[in-house]
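Structure assessment
Each chain, letter by letter, is given below.
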Amino acid sequence: MASSPFNSSSIVLLLSLLLHISYRAEAQDEPTYLSHFCSNNTVFSPNSTYQRNLDTVLTTLSSTNTSNYVSGFANSTAGQGPPDQVYGLFLCRGDQSSSSCQDCITKASQQILQKCPQEKVSVIWFDVCMLTYSNQSIFSTVREAPGISMFNTVNISDPSSFNQLLGETLTALLPKAASGQLAGKKFGVDKTNFTASQTLYMLAQCTPDLTAAECNRCLQVAVGRLLLGRQGARYLLPSCNVRYETYLFYNETAIALLSPSPAPAVPRPQGKRKISTGVIFAIVVPIFVTVVVFLILCCFLQKRTMQRHEVPQYTS
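Summarised in this report is the structure supplied together with it. Note that the structure is predicted; figures quoted are calculated from it, not measured. (Residues numbered from 1 in each chain as written. Predicted model: local features only at pLDDT ≥ 70, side-chain atom pairs only at ≥ 80, totals over all residues. Heavy atoms only, no water.)

**Section: the environment of A256**
The residue A256 is located in helix α7 (residues 252-258) in this model. Residues A256 and D95, 161 residues apart in the sequence, show an inter-C-alpha distance of 9.2 Å. (Helix = DSSP H or I, 4+ residues; strand = E, 2+ residues; numbered from the N terminus.)

**Focus: the pairing of strand β4 (residues 122-126)**
With five of five residues buried, β4 is to be regarded as a mostly interior element. The alternating pattern of β4 places S122, I124 and F126 and V123 and W125 on opposite faces, both of which are buried. One ladder, built from five bridges, connects strand β1 (residues 33-38) with β4; its direction is antiparallel. Within the sheet, the bridge partner assigned to Y33 lies in β4 and is F126. In terms of strand pairing, β4 meets strand β5 (residues 129-134) through four bridges, oriented antiparallel. By the bridge assignment, W125 is partnered in β5 with M130. (Buried < 20%, exposed > 50% of the residue type's maximum accessible area, 1.4 Å probe, protein only. Pairing = 2+ DSSP bridges.)

**A word on the state of the cysteines**
Counted under the stated rule, the structure contains five disulfides. A sulfur-sulfur distance of 1.8 Å marks the disulfide that ties C38 to C116. Because the sign of the S-S torsion sets the handedness, a value of about -70° for the bond joining C38 and C116 places this disulfide among the left-handed ones. Taken together, the residues span a long stretch of sequence, with C38 in strand β1 and C116 in the loop between α4 (98-115) and β4 at a distance of 78 residues. Comparing C38 with C116 shows no difference in burial state: the two are buried. Across the disulfide, C92 is cross-linked to C101 (sulfur-sulfur distance 2.0 Å). Because the sign of the S-S torsion sets the handedness, a value of about 80° for the bond joining C92 and C101 places this disulfide among the right-handed ones. The exposure classification of C92 matches that of C101, with both residues buried. Sequence-ordered numbering of the bonded cysteines in the protein chain yields a pairing of 1-5, 2-3, 4-6, 7-8, 9-10. (Disulfide = S-S within 2.5 Å.)

**Here we look at the sheet that holds β5**
With antiparallel pairing, the five strands of this open sheet are ordered in space as β1-β4-β5-β3-β2. Only two strands of the sheet have a single partner each, and these edge strands are β1 and β2 (73-78). Here the strands of the sheet are splayed against their neighbours by 10° on average, with no regard to which way each runs. Summarising the sheet, strand β3 (residues 86-92) and β5 pair through six bridges and their orientation is antiparallel. For G88, the partnering residue across the bridge sits in β5 and is Y133. (Axes fitted to C-alpha atoms, helices over the stretch in contact; angles between N-to-C directions.)

**So, the packing of aromatic side chains**
Aromatic ring pairs are defined here through the distance separating the ring centres and the angle between the ring planes. Evaluation of the coordinates by the stated rule reveals eight aromatic pairs. On the numbers, 5.9 Å between centres and 75° between planes, the contact of Y33 with F126 is edge-to-face. Here F126 lies in strand β4 and Y33 lies in strand β1, a separation of 93 residues in the sequence. According to the relative accessible area criterion, F126 is buried, its value standing at 4%. Of note, R243 hangs over the ring of F249, and the distance from its end group to the ring centre comes to 4.1 Å. (Phe/Tyr/Trp six-rings, centres within 6.5 Å; stacked < 30°, edge-to-face > 60°. Lys NZ or Arg CZ within 6 Å of the ring centre and 35° of its normal.)

Encoded structure:
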């Protein structure tokens, strides 16, 4: 029997190349700054102990050596105690790859110091990530302030029916997001038809250090402050965020991969006949590679489609 043209080395090389191409395509899209908050209640002096501890936290969170970009969440602490101890964390949107998450956090860690040069408590939001730090512990804590409201300036047609549908769908989405079923991420999306030609897309996410009950509570607060009746809106908190749009703004393919269905079992032969490893490799590997290529192409095309539908009339 002819030997399979595939072996483990060639498979690893091919998959690495495909993932590299996918990540390079993503890297061309810069994360978009949304908003920031700086508390004037507590400030630090340049070259102070707090400044050095803050630099350590930001360096740790934006390190190129960390594996936390895969989970999209990390926290860090520097200092021995008050008043100079610094607590920091970041959260990336659940549909982002590790490279996209890293790019966003690197940019956030640079810009937050430009926008909040001396404040001890600060938050910065981008479209696909959030970074925050404080002089008090913020880990496993629901932070319902500060809050940022952003919305599309275009009103929706038939706002009464739209708001009812939005409320019903969000009510079902929040507990799903809080449950952490998508690879441990407290993240969820949903979509529903508003009209025959218009689809409503929704997203909800919390930092995964919260319990399901805490996450659900935070999301309820965000939904309560969400501006309704527009073609799109979002509400941002340090611990959670919610968003809805009338266009697809998240990566459906990446989200589907967070909960992969079990791989189909290879049929076992009857009697004493056995299928050799080479035959199984020859059957399974081409199918697997084809699926990977297809998913990467879907991600790339979907990202371009999302960019074409970005709505510029957004305000806060």
